[in-house]
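Breakdown of the fold
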Amino acid sequence: MHIRSVPAGKTRVAAALGAVLALTLTACGGGSEPGDTTASDTTTSAAPEGPARDSLTVGVPLLPVGIDPITYNDSRTQMVYKLVNESLYRYTGPDEVTPLLAADLPEISEDGTTWTIPLKEGITFTNGDAFDAEDVVYTFETILNPDNGSYNRSALVALESVKAIDPQTVELKLAHAFSPLMYQLTRLTMITSSIEYKPSETYVETLVGTGPYKISEIVRGQEIILEANEDFREEGVPNIPKIVVKAFPDVNSQLTALKNDQIQIIPQVSHAAVDTIKGFANVYQSDADLVATRFWLWPNLKGGIMTDEKVRKAVTIAIDRGKVVANTLRGNGYPISTLPSAREGALFYSELAQAYGTDSQIEEAKALLEEAGVAGQKLHLVVPTNAGIPEVADSIQEQLEAIGFQLEREDLTQAAALDRLFNGNYDLYLNGNTSSAGHSGLDNTFCLYRAGATCNLNGVDDPELTELTMEAVQATDDEVDDVVARLRQRQLEYVPDMPIAVGYDMTALAKDLEGFEMFNFGDYTGFAYIK
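This write-up is about the structure you can find in this document. Owing to the predicted nature of the structure, the values given are computational and were not obtained by experimental measurement.

Moving on, we come to the overall build of the protein. Along the backbone of the protein there are 14 helices and 20 strands. Intrachain contacts of the protein at a sequence separation of at least 6 include 72% that bridge at least 24 residues. Of the accessible surface of the protein, which amounts to about 19,900 Å², a share of 46% is contributed by carbon and sulfur atoms.

The following block contains the structure:
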């Protein structure tokens, strides 16, 4: 988002990560803009009136591997710890950021390297400790400590130092202007400085946070039980005093449990199941520019046939993106050709965002493979079995075979698939990553395309892309559109990956539930406001 409503004084108008044309400071969630796709488009019936439930059960395929907010950042883990631990800011609508633990938007120096953040007073952790600037300092320093193995470390890649100016003010010093930091400040959650953090020890069975819930019990492999934080600062919140996150490995058992009211919520439901679910429950669709799943192929650039630019180009133009959107996503998405992901009318959108359109170019792709001398060769496609990914693989498999590849497809658990990825044992790796699609755009390109970056797992090593990603995160409002256009053009030439489509995020809800909203990847704080 471009920070245009920064408090008067110090105003570096930097492009803060993939976002909105105007940033509104708000005290509560806002409505959707015309043209946005929200819950009202997919909800099948109004919720009946009645008292709030005493508890809410959320069905998930697998419980998170941990609940530690320092170590983990996947959506299942965030679903749990963001109900307990809070961030400095929170998205509350397509064009809105709300200070959560912060008292106001950050003041940013003219050169973009100093961010000064005021903090709210009177907030306490569930162990009774007062929240202040030392907790922010401790959280960020803990994340940055390489000994802690935090998956969130890349979020603070530009941070040189953090210090408490006074108990209610924290100052961040950056090595260079870094617009994605605003997005990261909505994602990273605070821990208390009064408890020494030890990885794989401190936050294994419990959490200490400032949010509306606290951990009650963890039954390994079965369920996580959260209960209301009776000292939460918002009167009457949470509305439902108990949340149970329960494992239902089989999709059919999830749907049956929802139908029989054994569970009341299923996050990230399959697009193929939406029509069935509407027969007995409601479906909430998150705003497409806030939470969505991006599907794309990673070519192995470290070795094998994908090191040839012509082969990569053949693969990406062969994909029938329109078929993926229409059949696999049931129309609940849009095609993409370059990053950052953008649909028409969204920030950073241009024709280059969807340069390959919706149709496959089979004959052109065949010609490129002939030129490269690889026609008829084997192609090893690794497909994680996470929700939605195998269905996308089914959709593109026909095109990969049609251009002449002998496809060797492996459908694997995520752990096994990642093993193939990390060891370079693949030609193509099909990825499905749920994120804040619009707002995390420049953050994604900075991490995926910069040589040596932590997210650059397929070996992208192009000096021009590295330079452009760095230029994009430092660009001002007047510069950023031009930089992003050049970044997209270089992607079309080099083909570091093959973006396919974005699928909207769907949440199934029992019909008697009202008030759920979701504005950010992994942020299910909306559970606290359900009636």
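Here we come to the packing of helix 7 (residues 309-318) against helix 9 (residues 362-372). The contact between helix 7 and helix 9 brings their axes to 8 Å, and the two run at 165 degrees. Between helix 7 and helix 9, the crossing angle belongs to the class labelled roughly antiparallel. By crossing handedness, the relation of helix 7 to helix 9 is classed as left-handed. Residues Lys310, Val311, Lys313, Ala314, Ile317 and Ala318 of helix 7 form the contact with helix 9, whose participating residues are Ile362, Glu364, Ala365, Leu368, Leu369, Glu371 and Ala372. Looking at the contact of helix 7 with helix 9 residue by residue, the class counts come to nine nonpolar, no polar and four charged.

What follows concerns the state of the cysteines. Under the definition given, this model contains one disulfide. The side chain of Cys447 participates in a disulfide bridge whose partner is Cys455; the two sulfur atoms lie 2.0 Å from each other. Here the S-S torsion is close to 75 degrees, and the disulfide linking Cys447 with Cys455 is therefore right-handed. Residue class for Cys447 comes out buried when judged on its relative accessible area of 8%. Judged by its relative accessible area of 28%, Cys455 falls in the partly exposed class.

Attention shifts here to the environment of Asp54. You can see Asp54 is positioned in the loop between helix 1 (39-42) and strand 2 (55-60). For Asp54, a relative accessible area of 63% corresponds to the exposed category. For the pair formed by Asp54 and Lys242, sequence separation is 188 residues and the distance between their alpha carbons is 6.5 Å. The contact partners of Asp54, leaving out residues within four places of it in the chain, are Ile240, Pro241 and Lys242.

This part covers the side chain of Asp523. As for its placement among the helices and strands, Asp523 is situated in the segment after strand 20 (506-509). At 2.4 Å, the side chain of Asp523 forms a polar contact with the side chain of Thr525. When sequence neighbours within four positions are dropped, the list of residues in contact with Asp523 reads Lys82, Arg90 and Met518.

Core analysis: the biggest nonpolar cluster contains 86 residues, and Leu88, Phe140, Leu172, Leu226 and Phe527 have the highest contact counts within it. Take this core: its biggest share by element is five residues, from helix 3 (residues 133-144). With residues near it in sequence (within four places) discarded, Leu88 still touches Pro99, Leu100, Leu101, Ala102, Ile117, Leu119, Phe131, Val136, Phe140, Leu185, Leu188 and Met190. Core analysis: the next-biggest nonpolar cluster, separate from the first, contains 37 residues, Leu297, Ala314, Leu379 and Leu428 among them.

The next subject is the sheet that holds strand 8 (residues 169-174). Ordered in space as 5-6-8-7, the four strands form an open sheet in which the pairing is antiparallel. The sheet is open, and its two edges are formed by strand 5 (107-108) and strand 7 (159-166), each paired on a single side. Note: strand 6 (residues 114-118) against strand 8, five bridges, orientation antiparallel. The residue of strand 8 that forms the bridge with Trp115 is Leu172. Along the sheet, helix 3 makes contact with strand 7 and strand 8, crossing strand 7 at roughly 165 degrees.

Looking at chain direction, strand 5 and strand 6 are connected through two bridges and run antiparallel. Bridged to Ile108 within strand 6 is Trp115. Hairpin connection, strand 5 to strand 6: the antiparallel pair is bridged by five residues, and Gly112 has positive phi, about 80 degrees.

As a further point, take unusual backbone geometry. Residue Val237 is joined to Pro238 through a cis peptide bond whose omega torsion reads 5 degrees. Along the chain, Pro238 turns up in the loop between strand 10 (223-228) and strand 11 (242-247). Omega for the peptide link from Leu339 to Pro340 comes to 5 degrees, which places this bond in the cis form. Mapped onto the elements, Pro340 comes out in the loop between strand 15 (333-335) and helix 9. Look at Ser200: it is not a glycine, yet its phi comes out positive at around 60 degrees. Residue placement: Ser200 occurs in the loop between helix 4 (181-185) and strand 9 (213-219). According to the relative accessible area criterion, Ser200 is exposed, its value standing at 70%. For Gln268, which is not glycine, the phi torsion reads 50 degrees and is therefore positive. Position of Gln268 among the secondary structure elements: in the loop between strand 12 (265-266) and helix 6 (274-277).

We now examine the environment of Glu363. Secondary-structure assignment places Glu363 in helix 9. Judged by its relative accessible area of 54%, Glu363 falls in the exposed class. Considered as a pair, Glu363 and Ala314 are 49 residues apart in the sequence and their alpha carbons are 9.5 Å apart.

Take the sheet that holds strand 19 (residues 498-504) next. Sheet architecture is open: six strands sit in the order 15-19-14-18-16-17, paired in mixed fashion. Every interior strand has two partners, whereas the edge strands, strand 15 and strand 17 (406-412), have only one. Across the sheet, the mean angle separating the axes of adjacent strands is 20 degrees when strand polarity is ignored. Of the pairings in the sheet, the one linking strand 16 (residues 378-384) to strand 17 comprises seven bridges and is parallel in character. Bridge pairing in strand 17 links Pro384 to Leu412. Sheet strands touched by helix 8 (residues 321-328): strand 15 and strand 19. Its angle to strand 19, the strand with the most contacts, is close to 25 degrees. Contacts between helix 11 (residues 414-422) and the sheet are confined to strand 14 (292-299), strand 16, strand 17 and strand 18 (428-435), with strand 17 contributing the most and set at about 130 degrees to the helix.

What counts as what
- Residues numbered from 1 in each chain as written.
- Predicted model: local features only at pLDDT ≥ 70, side-chain atom pairs only at ≥ 80, totals over all residues.
- Heavy atoms only, no water.
- Helix = DSSP H or I, 4+ residues; strand = E, 2+ residues; numbered from the N terminus.
- Contact = heavy atoms within 4.5 Å.
- Areas by Shrake-Rupley, 256 points an atom, 1.4 Å probe, with all protein chains shown as cover.
- Axes fitted to C-alpha atoms, helices over the stretch in contact; angles between N-to-C directions.
- Parallel < 35°, antiparallel > 145°, perpendicular 65-115°, else oblique.
- Left-handed = near helix turned anticlockwise from the far one by under 90°.
- Nonpolar A, V, L, I, M, F, W, Y, C, P; charged D, E, K, R; others polar.
- Disulfide = S-S within 2.5 Å.
- Buried < 20%, exposed > 50% of the residue type's maximum accessible area, 1.4 Å probe, protein only.
- Polar contact = N/O pair within 3.5 Å; in protein donor to acceptor, adjacent residues only side chain to side chain.
- Core = buried A, V, L, I, M, F, W, Y, C linked by side-chain atoms within 4.5 Å.
- Pairing = 2+ DSSP bridges.

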